[in-house]
Structure formats: structure tokens, C-alpha cells
Amino acid sequence: MGSKYSRSLRCCLPLWAFVLQVAFIILFFFISYDTPQVDQKLMETYQVFQDLTLMAALGFGFLSSSFRRHSWSSVAFNLFILALGVQGSILLERFLSWPFLQDVAINLFSIRTATMSTIPVLISAGAVLGKANLVQLAVMVLMEAAAFGAVRLVDKKVFHMEDHIIAMHGHVFGAYFGLLVAWCLSRGVGEKAQTEKAQMATSSSLFAMLGTFLLWIFWPSFNSALLEWPNEKKTAVLNTYYALAVSAVTATSMSALSHPQGKINMVHIHNAVLAGGVAVGAPCFLITSPWIAMVLGLTAGLISIGGAKCLPFPHLAVGF
Amino acid sequence: MGSKYSRSLRCCLPLWAFVLQVAFIILFFFISYDTPQVDQKLMETYQVFQDLTLMAALGFGFLSSSFRRHSWSSVAFNLFILALGVQGSILLERFLSWPFLQDVAINLFSIRTATMSTIPVLISAGAVLGKANLVQLAVMVLMEAAAFGAVRLVDKKVFHMEDHIIAMHGHVFGAYFGLLVAWCLSRGVGEKAQTEKAQMATSSSLFAMLGTFLLWIFWPSFNSALLEWPNEKKTAVLNTYYALAVSAVTATSMSALSHPQGKINMVHIHNAVLAGGVAVGAPCFLITSPWIAMVLGLTAGLISIGGAKCLPFPHLAVGF
Amino acid sequence: MGSKYSRSLRCCLPLWAFVLQVAFIILFFFISYDTPQVDQKLMETYQVFQDLTLMAALGFGFLSSSFRRHSWSSVAFNLFILALGVQGSILLERFLSWPFLQDVAINLFSIRTATMSTIPVLISAGAVLGKANLVQLAVMVLMEAAAFGAVRLVDKKVFHMEDHIIAMHGHVFGAYFGLLVAWCLSRGVGEKAQTEKAQMATSSSLFAMLGTFLLWIFWPSFNSALLEWPNEKKTAVLNTYYALAVSAVTATSMSALSHPQGKINMVHIHNAVLAGGVAVGAPCFLITSPWIAMVLGLTAGLISIGGAKCLPFPHLAVGF
């Protein structure tokens, strides 16, 4: 990509983002809130929605903060993607169900679902940070949001999948999409530049731990967010918690075992601590005994530590 | 102000703060908890109250942490103001309604309202950090708490305003009060010293992002905290969320647009990301369509980015 | 302790931890979830459980992050202890009540109680960080978990104490256990090495503030977690909040008073800010007037600041 073209694009992009925002507002002109009704579960929905926003804005934001020289700009861009992606997902869901307009009301549930749909984009963005500039990232975000919207529509209308299962597909989709983009980008860049950019900023490593821990704490909310029945929700929370606990122990001990002096590798922790929650994601509301979830967590932790030595894109482990 | 006088005051001040605390305890001797009754909404109130405490202690604390050389002491002082201010507000509300003592019971709602009343003081404190010493700050806090208490009383008894509207006045009050104090203080200090102190500590810039993001995430709680009806609460949460999302996108793209190389200015982000939530604060429970909240968010984001180039006190943008 | 023995143990330990994890999974094979039933209070329990996990993983983790050179590894080890300890506590509670197996079902309540039982271990771990290596820490954790399990069993079966009172014993138990271990370890280590390791990492001091503040914010959840009646819960939350507010003001002003130039000592803040919540812990659901809780908070703050000048293990102040 020519440097001159890139520079002019870099100046235009913020303008495009602004125009897109104005266009979104105009489209929202056709959308209204649902009719007022007494909603007993308002605060429950609000709590789940807040947990998801916290995960998306702080968790994924700070998780990727250690991999870039200008770490705070990656945190800011994470919020940008989230805020734009949620608006886009709400509009997409609204206009894709065109003949049934009265079915899709705008309420707290729509924001919750839209946040879930934006998380795959945040996962992919983590894979290419430090490799792509702001323009390339923005183009990637738009392409991926549209692609995942199409996948969701097909899943829902053709395969009649439930929202929960579709959302769990999102991890894998986000990870593969990120891998693909990272592979395309890395062909044009020298090896030396890559290594330099991938180096950790030591001072911000505790922020990455903060992001990881926030994801670890709120992952049960994430896995149970789109389940409607209280019993399914409870089972999902319990299974996710056990899987996460086992994968945290496995990751720490395996990381120390593979180090000659028994020290813990921080990159291993970032990956493998969350692997259990991802592994148990799709079936978490069906598992009836804790030991099944724990075996899944153990397996995921082992694979994740093993994979971290081969895979060049450690952040994608969140998606697998 | 004489250096010797200031030094002796600086040694006396902690003693005064301690005496004030003891006096508060003696005054609390006349206050008891309300009679026990089955309260179904206990956990809801507790959740809102916790969100507000999180915003006040962590959000505003870390937001101002980047503007001082000794950043952690500004964080500690933020907690000091919060803890003292909440106690003072509860006492003030209790004794200002003197003839109707049985009306004001001490419960979770009183702490919630008192936290809302203390937030303007935290906003003003952010405006003078790095310009005032501990003594000046403490005097300012006491004066402002009393002044805002009087404003609240007049709003309530004379204009019969609701708690929600009064709380939203707090931003503006806090911002103007902070501006006034900063203007008074800056007359005595050389330009050079000011510039030096206002310089960012790079290492703590991610903490300021953390504070900003926590405020962004919990702002819907803030705007809906004092609304009693579930439908008003829901509308307030939705409108605040949309306004915040739009102002985040606007702030990021406008900040990049105004930079010659398309980079994002962190100070812009701190201001303008929250501008949408502030703009939509007072009318948030009345707006019936998302696009109105979004237009307010867009306008607030644009004004905030524009203002950040002229205004010398960027933290006050939270209040406007 | 021979260096060679220690080194071979250091390599074996991760393997042992992994084997322990596998053994836990096999034991969990005998445990199943409780029968599905409509649980109206699911989200309430989940919220309390999440607050506790946040305190345990982030609060205690970052509180101890400033006392070690490799601060992030102490944060990671904190999560390791938490994840292993919760599993162990659930198994212990299950198998100690052997003849009444049907009484102990695995649900969100069991994880909540198990997290409460693990917090003393985290407190002790904070006391020996920087003095013990990973092996010594792990042995200590296992010994303490077993010892506290025995104490809990005796408290429950012999003295018929309630869960809430037992959990409040945990602070004292954890602190004394940590003191004992630290005393044993310090006999073999030179004074110079100790001082060097105890030195603060300045860059991570704001993280310690973050940990302290998270503990401060969520301490009312901690003190009310195991109380069943809404009125007891409410009283516990209110008393804890007032005690915390008073001890925060007392700690800040006393710390500034004892410094010749009126500056605040960060180590004082870490200790004394939380002292009020600890002091009010056991009786918090019985206190009927706010001023009693506030006097307790004032006393605890004063003792804590005074003790910080004599005690060599500042982190233990959380436990007293």
C-alpha cells in the first residue's frame, strides 16, 4: 500500500467515521423505544448488560494494552469499536427483520444482544494490534461486523439456532477472522518490525493482568447472558465458574512447569486462564455435573499452554 | 499567602479534619436507622448505591490521577473528600429538615442521595488539582459542600424541584465553582509553574483511561439513580447509553481529525467521551426516541472537542 | 533449607499442583448440582458472589502488588490460590458432612461460602509475599486451608456458630497464621534482604490504591454476604459503610498529622482505610445506631495508624 495513499486515507478516515456516525443517527430516526410496561426484571437485565459492557470496554481494552507501544490509544480504539459496533448491530438487527418491524423493539435486551455481537470484532482487533494502523483496523471492523451479521442471520433464519449458540460461534469467527487479517498484513511487513512491536511494555503488564482478571470474573455473566430460563442461567454460571477455576490452576502450574526455573510466563496466563470459559461456552447450560465442566477446563488449559508455544498470535487463544 | 502561615496551617489541617470527624460522630448520635421493615428492593438499591460509590471513588479518583506529579495522593484525597462529604450531606439533609425529623430516616437511599450530592465537589476538586495544596483544597471542599447544600435546599423548598433535576444541576455548579477557585488561585502563581504541574505523568495515563472508562460504563446508573419509576429509570438508562456511545465515536474521530497525523489526543478522550452523558443528564427520562439522545450526544462531543482547545481546565468539561 | 532441595522442589511443585487439580476433579465426580427449582433470588446471589470474587481476585491481588519486585506474578499467584482454594473448600465442606450427603448441594451459595473461606488464605499470603518462594507459599496455602477448615468445623458443630461469625473469625485466623509463617521464614533470612524486598515499586503504587479502593467499595458486600435476613443484611451494609467512611477520614488525617510536612503515607492508607470495615465485621448486623459503628471505625483507624509504625507486616492490618 503506497505511503501517500495511506497518509491521505489516514486523514480522511476520522471524517468517514464521523459521517458514518451521522448516518447512524439518521437511521435511528426510524426506531423508537418499545411501549412502556411494568418490567419487574429491569434491574436484572441492567446488571447483565453492565457486566457485558465492563468486559467489552475494560476487559478486552486492557488485555490488548500490553502489546503496543502507545498502549492507551489501543484502549481508546477498543472503546471506539465498541460504541460504533453496538449501534451498527442494533440497526442491522432492526433492518434485516424488515417485514416484521413491530417485533424488534429497542430496549435493554437489544443493547445486550448487540454488545454480544460486537465482542467478536474486539477479539479480532486484538489479533492485529501492533500490525495494523488505524485505517486498516477501521476497514477490518466494518467488514467483519457485516460478515458476522450475515452469519448470524443465516444461523437464525436457516438453522433456527438460539441466540446463545450463535453468540458462542462469535469467538471462533472472531479468532479466524483476526488470524486471516493478521496473515494478510504480515506478508507486507518485515520480521524485524513485527518482533519489535510485539514486545511487551513492562510498565503496562499489570494493566493486561487487570483486563484478564476482569474477563475471568465476568465470564460467567458472558456465558449466561443470552439464556432466558433461570435454571439454564444458573447451570451456565456454575459450569463456567468451575471450568474457569480449573483452567486458571492448570495454566499457572503448567506455565511454571514448562519454565526451567519454575517461573510463570505472563503471556501464558493471559491465554489459558480464560480458555476454560471459552471451551465450556456453547454447552454450558446443558452440562449436568461439575466434573464434566472441570475436565473441559483442564483440557482447554493444557491445549492453550501448548498452543502458546506454537501460535504466533497469542490473543486469539481467547477465541478458541 | 505567607509561606509560614501556610506551613503552620498545613500542620493544623489534619487535626482540624480529625476534629470535624469527631464532631460528625457526635452529631450522628441524634440519628437512628429507620424502623425495620421488609424491603423487597434492598438489593436493587444496594446495586445502584455501589455503582455510584465505584464511580465516585475509582472513576473521579483515577480521572484526575494523570494531572499531578504525586498521582496517588490525589487519588487518596479523592476518597477523603468522598467519605467526609457523604457524612456531611447526610447530616445537612437531616438537620435542615428540622421540624420534620421523623420524615428523614437513615437508610440506603440517604447514602445514595448523599453520594450524588458529593460528586459536584469531586468535579471541582479535579479542576484545581496541581494548583492548590491540601489546605486550600480542604477549605474549598467545606465551602462548596455548604453552598451546594443551600442551593439544593432552595431548589427543593422554593422551586419544588425533584431530586433528579437538582442532582443534574450539580455538574454545572461543581464546574463553575471549580473554575472560580482555579481562577482565584492562578492569579498568584506564575505561568511556568502552572505548565509544569499540568504536564501529564505518562506512566499514569492508563489509569486516567481506567477512570474515564469506569465513568463511561456506570454513567447510566448515575443518570437514573434518583428516578423512582421503573419506566423512567429504563428510559433514562437507554437514552444515556445512546448519548454516550455517540459522543465516544464523535470524540475519537474528531480528535483524530484535528491532529495533523490522525492521532488521538488523550485529553480530548477524557473530556468528550463523557460529554454525551452529561448533556443528556437532566432530560434523560423524558426523551422518547433514541435519535434525540444521539443528536445531543453528537453536539456535546463536538462542543467538548472544540472547547478543549480553548478552555484551560479540561477536567471541567465533565461538568458542562 | 538447602538450595538444591529447594530447586528440585521448585520444579516438582507445579507438577504437584497439577496432580492436586486432577485429584480434585476426580473427587468432584461424586458431587452433582442440586435439583432444578425456580429460584427467584438467583440474580441477588449471583451479584453477591461476583462482588466477593472481584474483591478476592482484584482487591487482594492488587493490594499486594506493590510489595514485590515482580508484582504481576504475585497477582497471578493470588488468582491461583483463589481458584484452588475455592475448589478445596467446596470438597471439604462436602466430605466433612459425610453422613448427610443430601444436605449439601452444589449451588451458587456453596461457591459464595467457599470464597469467604478462601479469603483468610489470601490475607496470610499477603503477609509473606517477598519473603517466601512459590514452594513455601503453596505449602503454606495447603496447611492453612486444612487448618481453617478444621476451625470452621469445630465452630459449627461444637459451638453452633453461624456462618457469618465463623467467616469473621477468618480475618484473625489468617492474620495470625501469616504472622507465624512470616516469623518462621524471617529467622533464616538476613535483615538486608528483607528490607530490599519490602521496598515499594513506585510504578505499581497506583495499582495498590486500586486494590485498596476495590476492597473499600465492596467491603459492605463482604460483611453482609452470609446473612440471610434482608433486615440483617441492610443493617450490616449500613454499619459497614459508616465505619469505612470514618476510618478513611481518620486514616488520611492521622497519616498527614504524623508526617512533619503534612504528607500522606501510602502504606498508612492501605492499612487504615479498611480497618473500620474489619472492626465492625462480626457485630455489624447487631449495631442499631450509626454512631456506634462510627466510633468503632474511628478507634480502628487510630489503632491501625499507630500500629503501622510498630508492626513490621503492614498487610496484616487487614486481618486485625
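Residue indices follow the written sequence of each chain, beginning from 1 at its first position. Following the order in which they are written, the chains are lettered starting with A and the ligands numbered starting with 1. It should be noted that, the model being predicted, local features are given only for residues of pLDDT at least 70 and side-chain atom pairs only at 80 or more, the latter also being counted only at that level, while totals for whole chains, interfaces and linings use all residues. With hydrogens and water stripped out, all remaining heavy atoms of the structure feed into the side-chain values.

**With respect to the side chain of glutamine 50 of chain C**
Spelled out, the test is: Put simply, DSSP H or I for four residues or longer makes a helix, DSSP E for two residues or longer makes a strand, and each gets a number counted from the N terminus. Relative accessible area decides the class of each residue, using a 1.4 Å probe on protein chains only: under 20% of the type maximum gives buried, over 50% gives exposed, and in between gives partly exposed. Any pair of nitrogen or oxygen atoms within 3.5 Å is treated as a polar contact; in protein, a donor-acceptor pairing is required on top of that, and neighbouring residues in sequence qualify only through side-chain atoms on both sides. In this description, contact between two residues means that some pair of their heavy atoms is separated by no more than 4.5 Å.
In this structure, glutamine 50 of chain C sits in helix α2 (residues 42–63). With relative accessibility at 6%, the residue glutamine 50 of chain C sits in the buried group. In terms of polar contacts, glutamine 50 of chain C uses its side chain to reach the side chain of aspartate 51 of chain A, at 3.2 Å. Aside from chain neighbours lying at most four places away, what touches glutamine 50 of chain C is Gln47, Asp51, Ile217, Phe218 and Ser221 of chain A.

**Describing the interface of chain A and chain B**
Worth spelling out the cut-off: Take the accessible area each of two parts loses on contact, using a 1.4 Å probe, and add the two losses: that sum is the buried area. Within this document, salt bridges are pairs made up of a side-chain nitrogen of Lys or Arg and a carboxyl oxygen of Asp or Glu, the two lying within 4 Å of each other.
Counting from both sides, the interface comprises 49 residues of chain A and, opposite them, 52 residues of chain B. For the chain A and chain B pair, buried surface summed over both sides reaches about 4,600 Å², with 79% attributable to carbon and sulfur atoms. Along the contact surface separating chain A from chain B lie 0 salt bridges. Counting the contacts that link chain A with chain B gives 3 residue pairs in polar contact (both at pLDDT 80 or more). For the side of chain A that touches chain B, the leading source of residues is helix α3 (residues 71–96) of chain A, giving 12 residues.

**Some remarks on the relation of the copies chain A and chain B**
For the pair of chain copies, the relating transformation is a rotation about an axis with a translation along it. Applicable threshold: To superpose the copies, least squares is applied to the C-alpha atoms of every residue with a pLDDT of at least 70 in both.
Under the fitted operation, chain A is carried onto chain B by 0.0 Å of movement along the axis and a turn of 120°, and the coordinates agree to an RMSD of 0.0 Å. This pairing of chains is accounted for by a three-fold axis. In this assembly the copies use different faces: only 6% of the residues contributing to the interface of chain A also contribute to that of chain B.

**So, the interface of chain C and chain A**
Going by this rule: Residue classes follow a fixed rule: Ala, Val, Leu, Ile, Met, Phe, Trp, Tyr, Cys and Pro count as nonpolar, while Asp, Glu, Lys and Arg count as charged, and any other residue, Gly among them, counts as polar.
The partner chain A presents 52 residues to the 50 residues of chain C that form the contact. The junction of chain C with chain A conceals about 4,700 Å² of combined surface from both sides, 79% of it contributed by carbon and sulfur atoms. At the boundary of chain C and chain A, one finds 0 salt bridges. On inspection of chain C and its partner chain A, the count reaches 3 residue pairs in polar contact (both at pLDDT 80 or more). Secondary structure elements with two or more residues in the side of chain C that touches chain A: α1 (3–28), α2, α3 (71–96), α4 (108–128) and α8 (205–224) of chain C. Class assignment for the residues of the side of chain C that touches chain A results in 37 nonpolar, 11 polar and 2 charged.

**Some points on the relation of the copies chain C and chain A**
Relative to chain A, chain C is turned by 120° and slid 0.0 Å along the rotation axis, the superposed coordinates differing by an RMSD of 0.0 Å. Different-surface contact between copies: only 6% of interface residues of chain C are shared with the interface of chain A.

**Digging into helix α4 (residues 108–128) of chain A**
What counts here: In this analysis, the expected span of each helix is defined as 1.5 Å times one less than the number of residues it contains.
For α4 of chain A, with 21 residues, the first-to-last C-alpha span of 31 Å sits near the 30 Å given by 1.5 Å per residue. When you tally the buried positions in α4 of chain A, you get 20 out of 21 residues, the bulk of the element.

**Considering the packing of aromatic side chains**
This is how the line gets drawn: Only Phe, Tyr and Trp rings take part, Trp by its six-membered ring, and two of them pair if their centres are within 6.5 Å. Stacked means planes under 30 degrees apart, edge-to-face means over 60, and tilted covers everything else.
On inspection of all chains with the given rule, the structure shows 31 aromatic pairs over all chains. Both rings, one in phenylalanine 148 of chain C and one in phenylalanine 173 of chain C, keep their centres 5.2 Å apart while their planes meet at 35°; by these two values the pair is tilted. Linking phenylalanine 148 of chain C in helix α5 (residues 134–157) with phenylalanine 173 of chain C in helix α6 (residues 163–186), this pair joins segments that are 25 residues apart in sequence. The structure contains a cluster of three or more aromatic residues connected by ring pairs, namely Phe28, Tyr46 and Phe49 of chain A together with Trp216, Tyr241 and Tyr242 of chain B.

**Overview of the packing of α2 of chain C against α8 of chain C**
All names here are of chain C. Under the convention used in this document: Lines fitted to C-alpha atoms define the axes here, with helix axes fitted over just the stretch in contact, and angles between the N-to-C directions of these axes take values from 0 to 180 degrees. Should an angle fall under 35 degrees it is taken as roughly parallel, and over 145 as roughly antiparallel, whereas 65 to 115 is taken as roughly perpendicular and any remaining angle as oblique. Crossings are assigned a handedness: left-handed for a near helix turned anticlockwise from the far helix by less than a right angle, right-handed for a clockwise turn.
At a closest axis distance of 8 Å, the pairing of α2 and α8 adopts a crossing angle of 150°. As summarised for this structure, α2 and α8 are arranged roughly antiparallel, according to the angle between their axes. Every pair of crossing elements has a handedness; the one defined by α2 and α8 is left-handed. Taken together, the residues of α8 that come into contact with α2 (itself represented by Asp51, Leu52, Leu54, Met55, Leu58, Gly59, Phe60, Phe62 and Leu63) are Phe207, Ala208, Gly211, Thr212, Leu214, Leu215, Phe218, Trp219, Ser221 and Phe222. Tallied by class, the residues present in the contact of α2 with α8 amount to 14 nonpolar, 4 polar and 1 charged.

So, to be careful, I would describe these as geometric facts and stop short of saying anything about function.
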